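So you can see what is in the structure, the chains are spelled out below.
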Amino acid sequence: MSLLSDLINLNLSDSTDKIIAEYIWVGGSGMDMRSKARTLPGPVTDPSQLPKWNYDGSSTGQAPGEDSEVILYPQAIFKDPFRRGNNILVMCDAYTPAGEPIPTNKRHAAAKVFSHPDVAAEVPWYGIEQEYTLLQKDVKWPVGWPIGGYPGPQGPYYCGIGADKSFGRDVVDSHYKACLYAGINISGINGEVMPGQWEFQVGPAVGISAADEIWVARYILERITEIAGVVVSFDPKPIPGDWNGAGAHCNYSTKSMREEGGYEIIKKAIDKLGLRHKEHIAAYGEGNERRLTGHHETADINTFLWGVANRGASIRVGRDTEKEGKGYFEDRRPASNMDPYIVTSMIAETTILWNP
């Protein structure tokens, strides 16, 4: 008699050419992720080979019940670390039957920005640092924390090791390897300042692929926490008080910034970001005012300032960039629950296309 684990791990290629494609999309809240699977006749290597699909938008808060059909357009393919073999994960965006992007489809507008000739010529690179908190399932309290109580103060947990300092590493390492398997350009992981909080980094990735990869990495993380029986939170300040919040710092450069004389281009770009500070803050994640207080390695939400190696700034420039006169900068304002399509395209639009 087969065990359930034997059946889950069946290698389909032993008996059929058919594959399973898991179609993924962003739900009605703008943060919830949804997915469903379909059988395809054989392996697929490009999104253009995939059929469009549909779903009931009235059940995801994305369409009225009397006209509930929403159409999924496949946009990016990744290897499926759960089913493995030739099976795939498919990042999609959502449209009405008439072909109009639905309101929660933020990818469509981002793709327009990234396909603009001036933006494409600058080959924008992104490295996104996604922080998150692992919670105990039934009490929604961070893993490793005593129920109803608090651990010792912050200090020993950042990049810490040991059973009294590091909580959830099995989930984190599983996610790291699953992302590498999937083809996501995940570049590292580390334990964060607040116990139970972690970070993974995606990048460098060019243009819209950075946002596709962050969404699929989030999807894989949530699937792994489902298996592990814990809950992942992207709340920017999950625990009030003297505890660090969770952000999604966005490292950014253009071709001009990476070449000789790039530091001057960086400073001009930062000046532009300062002029549009309020617009960016409004788009950088819900609840960010609870995180951007001027404490816990943040700048105050109403203040724009930049500095070299300053983690209390809105924009941080690295020492290497200053020394070499070229490189990248880090926008530290985005919250952990930001939409990467919005944030990456907005940074490109402000720094490359916008003329004050």
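Basis of the calculations
Residues numbered from 1 in each chain as written. Predicted model: local features only at pLDDT ≥ 70, side-chain atom pairs only at ≥ 80, totals over all residues. Heavy atoms only, no water. Helix = DSSP H or I, 4+ residues; strand = E, 2+ residues; numbered from the N terminus. Rg over C-alpha atoms; globule rule 2.2 N^0.38 Å. Buried < 20%, exposed > 50% of the residue type's maximum accessible area, 1.4 Å probe, protein only. Contact = heavy atoms within 4.5 Å. Areas by Shrake-Rupley, 256 points an atom, 1.4 Å probe, with all protein chains shown as cover. Lys, Arg positive; Asp, Glu negative; His and termini not counted. Charge placed at Lys NZ, Arg CZ, Asp CG, Glu CD. UniProt positions renumbered as here; feature names shortened; annotations may be inferred. Axes fitted to C-alpha atoms, helices over the stretch in contact; angles between N-to-C directions. Parallel < 35°, antiparallel > 145°, perpendicular 65-115°, else oblique. Left-handed = near helix turned anticlockwise from the far one by under 90°. Pairing = 2+ DSSP bridges. Phe/Tyr/Trp six-rings, centres within 6.5 Å; stacked < 30°, edge-to-face > 60°. Patch = residues over 30% accessible without salt bridge, like charges linked within 9 Å, V, L, I, M, F, W, Y side chains within 5 Å. Salt bridge = Lys/Arg side-chain N within 4 Å of Asp/Glu carboxyl O.

**Re the overall build of the chain**
What the chain contains, in helices and strands, is ten helices and 13 strands. The C-alpha atoms of the chain give a radius of gyration of 21 Å, which matches the 21 Å a tight globule of 356 residues would have. In the chain, which comprises 356 residues, the proportion classed as buried is 50%. Partitioning the contacts of the chain with sequence separation of at least 6, the portion at a separation of at least 24 is 65%. Summing over all exposed atoms, the chain offers an accessible surface of approximately 16200 Å²; the carbon and sulfur share of this is 52%. Across the chain, 35 positive and 45 negative side-chain charges occur, with their mean positions spaced 2 Å apart.

**What about the UniProt feature "domain: GS beta-grasp" (unreviewed entry) in the chain?**
The UniProt record annotates "domain: GS beta-grasp" (unreviewed entry) at residues 19-99. Counting secondary structure, residues 19-99 comes out at 0% helix and 48% strand; the distance between its end C-alpha atoms is 28 Å.

**Section: the packing of helix 4 (residues 169-182) against helix 5 (residues 209-228)**
Taken N-terminus to C-terminus, the directions of helix 4 and helix 5 make an angle of 135°; their axes are 10 Å apart at the nearest point. In terms of axis orientation, helix 4 runs oblique to helix 5. In the crossing of helix 4 with helix 5, the sense of the turn from one axis to the other is right-handed. Each of Val171, Ser174, His175, Ala178, Cys179 and Ala182 in helix 4 lies in contact with helix 5, whose residues at this interface are Ala217, Ile220, Leu221, Ile224, Thr225 and Ala228.

**Quick look at the pairing of strand 6 (residues 125-136)**
Judged by how many residues are buried, strand 6 sits mostly within the fold: eleven of twelve residues are covered. Two strands pair when backbone bridges link them, and strand 6 and strand 8 (residues 197-206) are joined in this way by eight bridges, in the antiparallel orientation. The partner of glutamate 131 across the bridge, within strand 8, is glutamate 199. Sheet analysis places strand 6 next to strand 9 (residues 230-233), joined by four bridges and oriented antiparallel. Across the sheet, glutamine 136 pairs through a bridge with valine 230, a residue of strand 9.

**Considerations on the packing of aromatic side chains**
Applying the stated criterion to the full structure yields twelve aromatic pairs. For the pair tyrosine 132 and phenylalanine 200, a centre-to-centre distance of 6.0 Å together with 50° between the ring planes defines the contact as tilted. Here the residue tyrosine 132 occupies a position in strand 6, and phenylalanine 200 occupies one in strand 8, the gap between them amounting to 68 residues. Residues tyrosine 132 and phenylalanine 200 agree in their burial class; the two are buried.

**Observations regarding the environment of tyrosine 176**
Structurally, tyrosine 176 is set in helix 4. Residue classification places tyrosine 176 among the partly exposed positions, given a relative accessible area of 24%. Each C-alpha atom, one on tyrosine 176 and one on glycine 188, is 7.7 Å from the other, the two residues being twelve residues apart in sequence.

**Observations regarding a nonpolar patch on the surface**
On the surface, a nonpolar cluster with roughly 440 Å² of combined accessible area is contributed by Leu4, Leu7, Ile8 and Leu10. Considering the arrangement of structural elements, one finds leucine 7 in helix 1 (residues 4-8). Classification of leucine 7 as partly exposed rests on a relative accessible area of 46%.

**So, the UniProt feature "domain: GS catalytic" (unreviewed entry) in the chain**
Here, UniProt's "domain: GS catalytic" (unreviewed entry) annotation points to residues 106-356. With 37% helix and 19% strand, residues 106-356 has its two end C-alpha atoms placed 24 Å apart.

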